[in-house]
Amino acid sequence: MKTEKKRILVVDDEPSITRVLKLNLEQTNNYTVRAENDAQTAVAAAQEFKPHLILLDVMMPGLDGGELASRFQAITELKSVPIVFLTATATKGEVYARGGQVGGLPFLAKPVEISEVIACLRQHLRS
Amino acid sequence: MAIDCVNIEVITKSKKQADEATRESEQRYKRLLASVTDYVYSVMVEDGLAVATTHGPGCEAVTGYASEEFETDQTLWYEMIHEEDRPAVLEQATRILRGEEPPPLEHRIIHKNGTERWIRNTTVPRKDAQGRLAAYDGLVYDITERKQAEGRLTRAHAELKTNEEALKRTLEELKGANQQLKETQLQLIQAARLESVGTLAAGVAHEVKNPLQTILMGLDYLVPNCPADNENIAIVLSDMRDAVKRANTIIRGLLQLSAATDFEMKAGDLNASVQRALRLVKAQVIASKVSVIRKLDPHLPRVRIDSGRIEQVFINLFINAVQAMSPGGVLTITTRSGRLGDNLTISETASRPFHRGDHLVMAQVQDTGTGIPPANLVKVFDPFFTTKPVGTGTGLGLSVVKNILDLHGGSIDIQNSAAGGVVVILVLRAEPEERLGSVQGT
């Protein structure tokens, strides 16, 4: 029986990052990835794409990840969608020190290897 | 007979003249005595005992009592002496009655009008032909004004001394405050410098980490997709991954260096920081086959620290020490406390931020490695200075350590040990006990 691919919405203003993330995740055949490089259009994209999980950059021009996460959570159909932050402003040590949570949401410190991203996705898609 | 008559006449005339001269001399003496405020008294002595005392006419001016009053009341001379001075006066009288010549005595009397007066009493013995004490005279000077002046002078002197001491204390306090101000200013400059470095580093870190992320995930994508028959591609991709990790380590060091301004200072136990740091480097210690000796003073005073930062300091120092040693090496950590210059002696470099007598806490990290070449000792705190093989050290570890210590108002000194290896000394100010009390009480 073939399991359904999980839909992952990746929001990051760096197209090179969303591109390699998409390539890496999709080559596992477990995920369908939609890349969004503009935070302003990300909410509409999420409503249309209906992701199982959102990977969200923290520092983006115009609208930061924290604010965007609040907007996602304010929408009924997206309220229960897990969000994982990707941040370049914290170190791995700080991620461990904060128990992998920032503002109650999990986060990964850039640069992160794809194996760590996949482990994190599995953990939060299960729960 | 005529001659006899003449002789008698001459003798009578001479006697008359002599009597007149004596009378005149006595009158002059009386006038003189009456004209001065000082007076003379005489004490007649028989068999070593005073039997009668007469007081000269000036006594009234000094004591308020007339000579007749002293004659009527033979104990008046004693009763008018200030109670506290009576033993000294009696001692003076006893000595002169014993035939000695005591020095003049200054003492107080109570004037008839009730006021206190100071007198100087000089006694002179009078002896008979056999050399026995027949009487003694005493000359009494009123020295009240002099004594009052002396008193004023003594009080003025004491006041001056108190003022001088207060001035000295104020000066010391000012010096201390000035020194503290200078230290605070230096810390502020250091903090401001670090803050600007920090802002820059945080910006650089963000900008560099995104490209690193692209490269790292690019490698993640390329590795499983590269042709299996081309070994060189796999090697190049592996080198690229190592390069990304190295670059990331440098960025992490810069962030640590810059984050040093954001401190959370609390009274803490330096021994606990040592123990926690040792637990965190346990894996490296075991892998390097070195042993650890702890000589931690169980009565160490608390210090005002950001425990997390101080643990970071110890971790950096322990890792440096472990990496500098061959298997079998020994890492020794010692803590102790004391008063600088009294029961605690540290190097000039380590004692620079402190003053003699300051209560300090010291931690010493010693390894048994090969030591640091003397030419490099002065550079160890320079950012990016490292003697470690390429790729294993960023050269930021000791810069981070020094900055953290500086911002704690502490000091660090690194020296080669005479027995070989490196000795690192960290010094922090002990938390004042009253501050601890107030913190505990809140």
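Each remark here, short or long, concerns the structure printed above.
Only a predicted model underlies this, so the values are computations on that prediction, with no experimental measurement involved.

Each value, and the rule that gives it
- Residues numbered from 1 in each chain as written.
- Chains lettered and ligands numbered in written order.
- Predicted model: local features only at pLDDT ≥ 70, side-chain atom pairs only at ≥ 80, totals over all residues.
- Helix = DSSP H or I, 4+ residues; strand = E, 2+ residues; numbered from the N terminus.
- Buried ≥ 20, exposed ≤ 12 C-beta atoms within 10 Å, placed from the backbone.
- Contact = placed C-beta atoms within 7 Å.
- Nonpolar A, V, L, I, M, F, W, Y, C, P; charged D, E, K, R; others polar.
- Pairing = 2+ DSSP bridges.
- Axes fitted to C-alpha atoms, helices over the stretch in contact; angles between N-to-C directions.
- Core = buried A, V, L, I, M, F, W, Y, C linked by C-beta atoms within 7 Å.
- Arc of directions from axis to C-beta.
- Left-handed = near helix turned anticlockwise from the far one by under 90°.

Q: What is the right way to read the overall build of chain A from this model?
A: Counting its regular elements, chain A contains 5 helices and 6 strands. Helices (α) and strands (β) of chain A occur, in sequence order from the N terminus, as β-α-β-α-β-α-β-α-β-β-α. The buried share of chain A, reckoned over its 127 residues, is 35%. The contacts of chain A with a sequence gap of at least 6 include a subset with a gap of at least 24, amounting to 56%.

Q: For this particular structure, what's the right way to read the overall build of chain B?
A: Each helix and strand counted, chain B has 14 helices and 12 strands in total. Buried residues in chain B amount to 26% of all 442 residues. Put simply, 65% of the contacts in chain B that link residues at least 6 apart link residues at least 24 apart.

Q: Even after reading the chapter, I still don't get the interface of chain A and chain B, so can you show me in this structure?
A: Where interface size is quoted, it is often the accessible area lost as the parts come together. On the chain B side, the residues contacting the 15 residues of chain A number 17 residues. Among the elements that line the side of chain A that touches chain B, the one with the most residues is helix 1 (residues 15–26) of chain A, at 6 residues. Residue classes in the side of chain A that touches chain B are distributed as 8 nonpolar, 4 polar and 3 charged.

Q: Quick question: what am I supposed to make of the sheet that holds strand 4 (residues 116–127) of chain B here?
A: All names here are of chain B. Overall, antiparallel pairing links the 5 strands, which are arranged 2-1-5-4-3 in an open sheet. One side of each edge strand has no neighbouring strand; the edge strands of this open sheet are strand 2 (49–55) and strand 3 (105–110). With direction set aside, neighbouring strand axes in the sheet form an average angle of 30°. The sheet contact formed by strand 1 (residues 39–46) and strand 2 spans 6 bridges and is antiparallel. Its bridge partner being in strand 2, Tyr41 is matched across the sheet by His55. Packed on one face of the sheet, helix 5 (residues 86–97) meets strand 1, strand 2, strand 3, strand 4 and strand 5 (133–142) and runs near 130° to strand 3.

Q: I'm lost on the nonpolar core in this one. Help?
A: The nonpolar side chains of a soluble globular protein tend to be buried with one another. Residue and element names in this part refer to chain B. Counting residues in each nonpolar core, the largest one holds 41 residues, and the members touching the most others are Phe318 and Leu426. Those elements that place two or more of their residues in this core are helix 8 (270–280), strand 8 (303–305), helix 10 (307–324), strand 9 (330–339), strand 10 (359–366), helix 13 (397–407), strand 11 (411–416) and strand 12 (422–429). Here the element with the most residues in this core is helix 10; it accounts for 8 residues.

Q: Is there a simple way to explain helix 8 of chain B in this structure?
A: Working note: α-helix, 3.6 residues per turn, so residues spaced by three or four point in the same direction. Among the residues making up helix 8 of chain B, those that are buried are Leu270, Ser273, Val274 and Ala277 of chain B. Seen along its axis, helix 8 of chain B keeps its buried residues to an arc of 100°; they face one direction.

Q: What is the right way to read the environment of Leu86 of chain A from this model?
A: Residues and elements named next belong to chain A. Among the secondary structure elements, Leu86 is positioned in strand 4 (residues 83–87). A count of 26 C-beta atoms within 10 Å places Leu86 in the buried class. Taking the C-alpha atoms as reference points, Leu86 and Asp12, separated by 74 residues in sequence, lie 8.6 Å from one another. Apart from the residues within four sequence positions on either side, Leu86 is in contact with Asp12, Leu55, Leu56, Asp57, Leu108 and Lys110.

Q: Teacher, can you tell me more about the sheet that holds strand 11 of chain B here?
A: Strand pairing in a sheet relies on backbone hydrogen bonds, with the paired strands running either antiparallel or parallel. Residues and elements named next belong to chain B. The sheet built from 5 strands is open, its strands ordered 7-9-10-12-11 with mixed pairing. The strands lining the two open edges of the sheet, one partner per strand, are strand 7 (291–296) and strand 11. The sheet shows a mean angle of 15° between the axes of neighbouring strands, direction not considered.

Q: Help me understand helix 3 (residues 65–73) of chain A, please; the structure alone is not making it clear to me.
A: Residues and elements named next belong to chain A. What helix 3 keeps buried is the set Gly65, Leu68, Ala69 and Phe72. What you see down the axis of helix 3 is that its buried residues fit within an arc of 105°, all on one side. In helix 3, the exposed positions angled more than 90 degrees off the buried face are occupied by Glu67 and Ser70. Among the structural elements, strand 1 (6–11), helix 2 (39–49), strand 3 (53–57), strand 4 and strand 6 (105–109) are those in contact with the buried residues of helix 3.

Q: Looking at this model, I keep getting lost on the packing of helix 10 of chain B against helix 13 of chain B. Mind explaining?
A: Think of two packed helices as two axes; the pair is described by the angle between the axes and how far apart they sit. All names here are of chain B. As a packed pair, helix 10 and helix 13 sit with axes 9 Å apart at the nearest point and diverge in direction by 145°. Considering the relative orientation of helix 10 and helix 13, their crossing is left-handed. When helix 10 is examined against helix 13, the residues Arg309, Gln312, Val313, Asn316, Leu317 and Asn320 are found in contact with a partner set consisting of Gly397, Leu398, Val400, Val401, Ile404 and Leu405. In the contact of helix 10 with helix 13, the residues fall into 7 nonpolar, 4 polar and 1 charged.

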